[in-house]
Amino acid sequence: MKTDPTGKPGLVIEDLHGWYAESKVLHGMQFDVREGEVLTLIGRNGAGKTSTLRAIMGIMRKRSGSIRFQGEELIRKRIYEIARKGLAYCPEERAIFASLNVKENLALPPVLRPGGVSTEELLSTFPNLQRRASSPGTKLSGGEQQMLAIARILRTGSRYLLLDEPSEGLAPVVVKEIGELILKLKAQGFTIILVEQNLRFARSVADRHVVVEHGHVVDILTADEIRQDLARVKTYLGV
Amino acid sequence: MSKNLLIALAVLAAALVAPFFVYPVTLMTILCFIVFACSFNLLLGYTGLLCFGHAMFFGSAGYITGWVVKNWGLTPELGILTGALFSAGLGFLVGLVAVKKSGISFAMITFAIAQFVYFILLQSSFTGGEDGMQNIPRKDVLGLIDVTSGFSYYYVVLAITVAAVAFFYRVVHSPFGDILKAIRDNDARVESLGFKPERFKLLALVLSAGLAGLAGGMKATVFQFATLTDVSFPISSEVIIMTLLGGLGTLTGPMVGAAFIIWLNEHLATLGEWALISQGVILLLVIMFLRRGIVGELNAWIRARRAK
Amino acid sequence: MFDFVSPQLLAGQLLIGLINGSFYAMLSMGLAIIFGLMNVVNFAHGAQYMLGAFVAWLGLNYLGIPYWGSLIIAPIVVGAFGMLLERVILRPLQHLDHLYALLATYALALIIEGLIRQRYGSTGLPYDSPITGGLRLDFMFLPWYRLWVVGFSVVTCIGAWLLIEHTKLGAYLRAANERPDIVESFGINVPRMITLTYGFGVGLAALSGVLAAPIYQVSPSMGSGLMITVFAVVVIGGIGSIMGAVVTGYILGLAEALTKVFYPEGASTVVFVVMIAVLLMKPNGLFSSSEKA
């Protein structure tokens, strides 16, 4: 595995296979994530991007291969053990709890390690959420729900964030806000793995792009490479 | 295919000579439960609906059959048919309340409705309450064949059973059966294809209830006696165990399961509680380690050997 | 019609209804808590209730543990047994069709009830009431013990409701009802939470069993008889709704009592008639909030 001189790989995925019930969706995924970078997984619908995040997090139970996080093997670990190692996951559907209000949603994740942000701090960072603290979580707008879903996982103190399509279904203004949030988190030293279909959004935030097709990695491009050869990526995505 | 046919013919031949070696009433009990288990399998194995009170169809048909045979002087086969029709109707009524549900809700609702039916039959005067309905006569079948002896009636019961199993086989291998299996595997997808799963589930429930009623009516004519036990929850539970033990969603599994459990009951009858305890243990072991059932595991094993 | 009913009869039946309702409420609440997190209808609930009563009876007769001690010990012993069952039997079935887990709990009920009956016979064993005497009103005698049971059940139900609706622990539970995988991805040990919740629900059943011992006799079938009604209560209240379970439990206890006074033949079936009526009008039950049932 090649390493970049500017950042050591914190998360190394090797030969990762994964199954949903009997059907195999990941066929030997191979890539690494460097400390402090924003990395996107791009590819068509059904290519295996979401499955990759779910496999890393242990939510996809049937998986094989190797997922090493800061030198430690995660493939046999359970979801909560993986979370306690310092990985956090925000699903595509956001999973805001309907039976909890905004503040309860925000306060739900426990602070697992130093660096976990307090609820008060989060509420002051996200004034929209502050205003609606006592309304049911699912009564928020799509953009607010997305903010809540990201804000929530900052509480755990995990430094690696797995975000699944945060821009999906949101108005351009809100997408821009999410992009700014991601860059701000990066500046604070968070490492972010982003699943994206929206190439323009992905390009605006990411350092590197992993192109996924049929459950394996077909290409890895840096932000510079993608700028020079946009056509190549567009063929992968079929746009 | 021809091999399967050979096996079927061998089983049929064995069934024809069996009453020369085994007590006919035991054999007839097994046949009744084979039909009952097939009816249950149609729902759980092929439609994915767990009916947790299937005895309501089995036992109430027994009373209806007994009553029409006693009071209208019907021949056994017409009595059984009446019982089956009654249960099919009961299945329709249950379906009106229950088929909007699946999974656990369906199980709970059928469980509660079955208890309701039990209490109604317990309080009705025509059932004889706790004493049961006794002395159900057995006239000549079709008005021709004398069936006062168990030995001769066995062949009538065998004929009805073969017909019922053939009917079951036709249903699950028809396009209708394919839709049921699709509903079992993915309810929402069937709906997105433009079918109304509820209607198919209702029809499956009616057919299953009718078959269960056929089995119950048959049992009433075999024992010439209809009892509350046959409507009670232990019978609902027994048919679940038979079907799972033999193999859910297999044709022959429930037959094997029914034969095994009846055989076991006969042997443990004198040991009091151990019959029920052993049923619990069997059910638990099947769920933990043998979810495909005896026949299902056997099929998988044969397939694995062929693949080599 | 009221002219023919004496106030004594009415009050007496209403008290019985309230007592039965207390047990329906506590048992169906335990079922709802377990179902919410595990999607399993615990068919062994009645057997576990019966075990609670038996532990109390055995404790009194062999170890001299009084009622008040059993009230604490029996739920712990039976709850621990429940946790063992969850780890060994229910956890391996967790990711299969939930009907398997339901059938497994049913199999456990068969085994537990059968073994107890084999050992202790089917006849009821007496358990003396720890509180004697009562309140003599103009029209009826109100035993202290029955008042204690009703009060205890109301307090337990309110306590459990507060725990679930207004504490952090309850928030975890509510969230895990919706998305256990996401809650676990926050670093919360959900598998342990499931074990403890099942243990808690089972302990609650055992607690009800101890409360019941002096009222009904201690017998192997005391649970299975009661559960028939309790399952109907759960369907009426909305499967998985804790509030629905409790409220419906009390209401149906009283409804049964009133039916007994005014139309005795219908007393054993009124619950099912109500259930069918509710299902026809509100297919998800009176209090259902989630669509997963």
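Fair warning: this is a prediction, and the values are worked out from it, not measured in the lab.

Counting secondary structure elements, chain C contains eleven helices and two strands. Tracing chain C from N to C terminus, the helices and strands come up as α-α-α-α-β-β-α-α-α-α-α-α-α. For chain C, the C-alpha radius of gyration of 19 Å lies close to 19 Å, the compact-globule estimate for 293 residues. Overall, chain C is about 60 × 50 × 35 Å in size when its C-alpha atoms are taken along their principal axes. Each of the 293 residues in chain C was classed as buried or not, and the buried ones make up 54%. Contacts in chain C between residues at least 24 apart in sequence constitute 76% of all its contacts with a sequence separation of at least 6.

The subject of this paragraph is the overall build of chain A. When helices and strands are counted, chain A shows ten helices and ten strands. In summary, chain A has a C-alpha radius of gyration of 17 Å against a globular reference of 18 Å for 239 residues, a match within 12%. Dimensions of chain A, computed from the C-alpha atoms along their principal axes, are close to 45 × 40 × 40 Å. Counting all 239 residues of chain A, 45% fall into the buried class. Counted over contacts in chain A with a minimum sequence separation of 6, partners at least 24 positions apart contribute 68%.

What follows covers the UniProt feature "transmembrane region" (unreviewed entry) in chain C. This chain's UniProt record puts "transmembrane region" (unreviewed entry) on residues 12-37, 71-90, 99-116, 145-164, 196-216, 228-254 and 261-281 of chain C. In residues 196-216 of chain C, helix accounts for 81% and strand for 0%; the two terminal C-alpha atoms are 29 Å from one another.

Given 3.6 residues per turn, any residue in an α-helix points the same way as the ones three and four places further on. Across its 16 residues, helix α12 (residues 274-289) of chain B extends 22 Å between first and last C-alpha, which sits within 8% of the 22 Å expected from 1.5 Å per residue. Among the residues of α12(B), those classed as buried are B:L276, B:I277, B:Q279, B:G280, B:I282, B:L283, B:V286 and B:I287. The inward-facing, buried residues of α12(B) contact α10 (233-246) and α13 (293-307) of chain B together with α4 (98-120) of chain C.

Here we come to the nonpolar core. Ranked by size, the top nonpolar core spans 268 residues in total, and within it A:L162, B:V35, B:M108, B:A112 and C:M29 carry the most contacts. A per-element tally of this core places helix α2 (residues 24-47) of chain B first, with 16 residues. Residue-level mapping places this core at the junction of two domains, with at least three residues from each of domain 1 (1-86 + 159-168 + 181-239) and domain 2 (94-157) of chain A. C:M29 has contacts with C:C157, C:A160, C:L204, C:I242, C:A245 and C:V246, leaving out every residue within four places of it along the chain.

Turning to the domain arrangement of chain A, a few remarks are in order. Residue and element names in this part refer to chain A. Here the domain parsing of chain A yields domain 1 (1-86 + 159-168 + 181-239) and domain 2 (94-157). Taken over C-alpha atoms, the centre of domain 1 sits 24 Å from the centre of domain 2. The interface of domain 1 with domain 2 comprises eight residues on the first partner and seven residues on the second. The set of elements that each furnish at least two residues to the side of domain 1 that touches domain 2 consists of α2 (79-85) and β7 (160-164). Of the residues that constitute the side of domain 1 that touches domain 2, the class distribution is five nonpolar, one polar and two charged.

What follows covers the interface of chain C and chain A. At the junction of the two partners, chain C supplies 14 residues and chain A supplies 19 residues. Going through the elements one at a time, α6 (168-178) and α7 (180-185) of chain C are the ones with two or more residues in the side of chain C that touches chain A. Its residues assigned to classes, the side of chain C that touches chain A shows six nonpolar, three polar and five charged.

It is worth spelling out the confidence of the model for chain A at this point. The predicted model of chain A has a mean per-residue pLDDT of 89, with 97% of residues at 70 or higher. This stretch, residues 1-5 of chain A, has a pLDDT under 50; its non-local contacts, to residues over four places away or in other chains, come to six contacts.

Residues and elements named next belong to chain A. One open sheet accounts for four strands, arranged β2-β1-β4-β5; its pairing is antiparallel. Taken across any chain shown, the strands that pair with only one partner, and hence form the sheet edges, are β2 (23-34) and β5 (72-73). As defined by bridge partners, strand β1 (residues 9-20) adjoins β2 across nine bridges and the pair is classed as antiparallel. When the sheet's bridge partners are listed, L11 is paired in β2 with V33. Of the strands in this sheet, β1, β2 and β4 (62-69) touch helix α1 (residues 49-57), which is tilted by about 75° from β2.

With 34 residues of chain C in contact, the opposing surface of chain B contributes 29 residues. Elements represented by at least two residues in the side of chain C that touches chain B include exactly α4, α9 (222-237) and α11 (270-281) of chain C. With 14 residues, the top contributor of residues to the side of chain C that touches chain B is α4(C). Along the lines of polarity and charge, the residues of the side of chain C that touches chain B split into 27 nonpolar, five polar and two charged.

Scoring rules and cut-offs
- Every chain is numbered on its own, with residues counted from 1 as its sequence reads.
- Here chains are named by letter from A upward and ligands by number from 1 upward, in the order in which they appear as written.
- Predicted model: local features are reported for residues with pLDDT of at least 70 only, side-chain atom pairs are reported and counted for 80 or more only, and whole-chain, interface and lining totals are derived from all residues.
- Secondary structure elements are taken from DSSP: a helix is a run of H or I of four residues or more, a strand is a run of E of two residues or more, and numbering for both begins at the N terminus.
- A radius of gyration in this sense is built from C-alpha atoms; the matching globule rule multiplies 2.2 Å by the number of residues raised to 0.38.
- A residue is called partly exposed when the number of other C-beta atoms within 10 Å of its own lies between 12 and 20, exposed at 12 or fewer, and buried at 20 or more, with C-beta atoms placed from the backbone.
- Any two residues are considered in contact once their C-beta atoms, placed from the backbone, lie within 7 Å.
- UniProt positions are given in the numbering used here, feature names are shortened, and annotations may be inferred rather than shown by experiment.
- Expected span of a helix, by definition, is 1.5 Å for each gap between consecutive residues, and there is one gap fewer than residues.
- To define a nonpolar core, we join buried Ala, Val, Leu, Ile, Met, Phe, Trp, Tyr and Cys residues through C-beta atoms within 7 Å and take the resulting set.
- Boundaries of every domain are those given by an automatic assignment or by a domain database.
- By the convention adopted, Pro, Cys, Tyr, Trp, Phe, Met, Ile, Leu, Val and Ala count as nonpolar, Lys, Arg, Asp and Glu as charged, and the other residues, Gly among them, as polar.
- Confidence of the predictor at the level of single residues is given by pLDDT, which spans 0 to 100.
- Between any two strands, at least two bridges found by DSSP are needed for them to pair.
- Working convention: axes come from line fits to C-alpha atoms, limited for helices to the stretch in contact. Angles between N-to-C directions cover 0 to 180 degrees.

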